[in-house]
Amino acid sequence: MIVTHVYQPDVGIVRREGIEPFDQLLEKETQVFWVDIFDPTNEESYILTGDFGFHPLAIEDVISENPGPKVDDYRRYLFVVFKIADYIRGHEGLIQREVDIFLLKNGVVTIHYEPVPPLEAVARRLEVEERVLSRGADFFFHAVLDHMVDYYNTTLERIEDDIDEVEDQVFEDPDEDLLRRVFDLKRDLAQLKRLVTPSREMLNRFSRDVFPLIGPQAQVYFRDVFDHMQRINDLSDSFRDTLTSVLEVYFSTVQSSANETMKVLTVISTILLPLTFLTGIFGMNFRFMPELDWEHGYKLFWGLVIVVVVGMLAFFKKKKWM
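Residues numbered from 1 in each chain as written. Predicted model: local features only at pLDDT ≥ 70, side-chain atom pairs only at ≥ 80, totals over all residues. Heavy atoms only, no water.

**Quick look at the pairing of strand S3 (residues 32–38)**
Two faces belong to every sheet, and in a regular strand the side chains alternate between them. Taking burial as the measure, the seven residues of S3 include six buried ones, the bulk of the element. Bridge count for strand S1 (residues 2–8) against S3 is six bridges, and the pairing is antiparallel. Paired with Val3 across the strands is Asp36, a residue of S3. (Buried < 20%, exposed > 50% of the residue type's maximum accessible area, 1.4 Å probe, protein only. Helix = DSSP H or I, 4+ residues; strand = E, 2+ residues; numbered from the N terminus. Pairing = 2+ DSSP bridges.)

**Some points on the nonpolar core**
Residues Phe82, Phe141 and Phe206 are the most contacted members of the largest nonpolar core, which totals 62 residues. Sorting the residues of this core by element identifies S3, strand S5 (78–86), strand S6 (95–103), helix H4 (117–128), helix H5 (131–134), helix H6 (137–172), helix H7 (176–208) and helix H8 (216–282) as the ones contributing at least two each. The biggest single contributor to this core is H6, with 16 residues. The contacts of Phe206, once residues within four sequence positions are left out, are Val71, Leu78, Val80, Phe141, Leu145, Phe211, Ile214, Gln219 and Phe222. Val6, Phe52, Phe54 and Val62 belong to the second largest nonpolar core, which has 21 residues in total. (Core = buried A, V, L, I, M, F, W, Y, C linked by side-chain atoms within 4.5 Å. Contact = heavy atoms within 4.5 Å.)

**Comments concerning the sheet that holds strand S7 (residues 107–112)**
Across the sheet, which stays open at both edges, the seven strands sit in the order S2-S1-S3-S7-S6-S5-S4 with mixed pairing between neighbours. The open sheet has two edge strands with one neighbour each: strand S2 (12–17) and strand S4 (70–73). Strand-to-strand twist across the sheet, computed as the mean angle between neighbouring axes with direction ignored, equals 15 degrees. Inspection of the sheet shows S3 paired to S7 by six bridges, in the parallel sense. Residue pairing across strands places Phe38 opposite His112, the latter belonging to S7. Set on the sheet, helix H3 (residues 56–64) makes contact with S4, S5, S6 and S7; between it and S6 the angle comes to about 160 degrees. (Axes fitted to C-alpha atoms, helices over the stretch in contact; angles between N-to-C directions.)

**So, the packing of H6 against H7**
Where H6 contacts H7, the two axes come as close as 11 Å, and the packing angle between them is 160 degrees. Classified by the angle between their axes, H6 and H7 sit roughly antiparallel to one another. Seen along the crossing, H6 lies across H7 with a hand that is left-handed. When H6 is examined against H7, the residues Phe141, Leu145, Val149, Tyr152, Leu156, Ile159, Asp162, Ile163, Glu165, Val166, Gln169 and Val170 are found in contact with a partner set consisting of Leu178, Arg181, Val182, Leu185, Leu189, Leu192, Leu195, Val196, Leu203 and Phe206. Looking at the contact of H6 with H7 residue by residue, the class counts come to 18 nonpolar, one polar and three charged. (Parallel < 35°, antiparallel > 145°, perpendicular 65-115°, else oblique. Left-handed = near helix turned anticlockwise from the far one by under 90°. Nonpolar A, V, L, I, M, F, W, Y, C, P; charged D, E, K, R; others polar.)

**Examining the environment of Arg75**
Within the secondary structure layout, Arg75 lies in the loop between S4 and S5. Classification of Arg75 by relative accessible area gives exposed; the value is 76%. Arg75 sits 29 residues away from Leu104 along the chain, and the two C-alpha atoms are 9.3 Å apart.

**A look at the confidence of the model for the chain**
Scored by pLDDT, the chain comes out at a mean of 80, with 85% of its residues at no less than 70. Per-element confidence in the chain ranges from a low mean pLDDT of 62 for helix H9 (residues 290–293) to a high of 90 for S7. (pLDDT = per-residue confidence, 0-100.)

**Remarks on the pairing of S1**
Here S1 lies mainly inside the structure; six of its seven residues are buried. Bridge count for S1 against S2 is six bridges, and the pairing is antiparallel. Bridge pairing in S2 links His5 to Arg15.

Here you go:
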């Protein structure tokens, strides 16, 4: 599916769908366009080389969907691979969505194989604010990256909600399921970090390096996007530290619980030790044992048992062992 937005000074923004002679858009420098290609067919993919003349190596990266975030300068255009991360509770790990972007002198081409919420947000914004596209391709390129970077905040907010639940649960009912959730969250944050770090460096290049297709006025705005990505990087580090603290509390709580169990078992064993001694004495089969023939011997035995148990409990409590 191909959706094209074209800004014309006298007309405004015109939205069209389907394949058209895109090479004509390149010739009209007074127009600014955005071509969004979603899950392209072979025929739709052909326009990348046929109409736009993009390099085969860039097309290979688009088709493979394997490269990490990067930027390649082909002089006539910039090729950018950008990835966003989505987090859905209960899903198997972090969801990565790739967007391939070509920045030309008077237009932007985006290709993706899955729905990308930030691009949908950009399309909705164009319906009410043509200034996003009318200021030029480099400013629109900034708007696309800005929306995708902001989406990382949504992802982090969802992860933070789960971390808050984990923090509450570790003090209430720590169990193996909690431990598994903590390690899953740490794994997701590690994957997020692998996406954020190269993306941050790429955005830093847009704000500092000289790219002929990005004007000085637009370059200033990329510094703001870089600052946002830096904040996301810092937050992900902070969340990982929080989860590490949760793990420490979890293991400390489990160890404390084990210590309490051992304390109770030790107290029981210690109390039973003298009782075993007493029963051993009274259970000896000596023929001449005065207590065996004494009518109050049985009472004496249980009296000694009660005195020993009470005495040991009082001693343990005085020593603050229980």
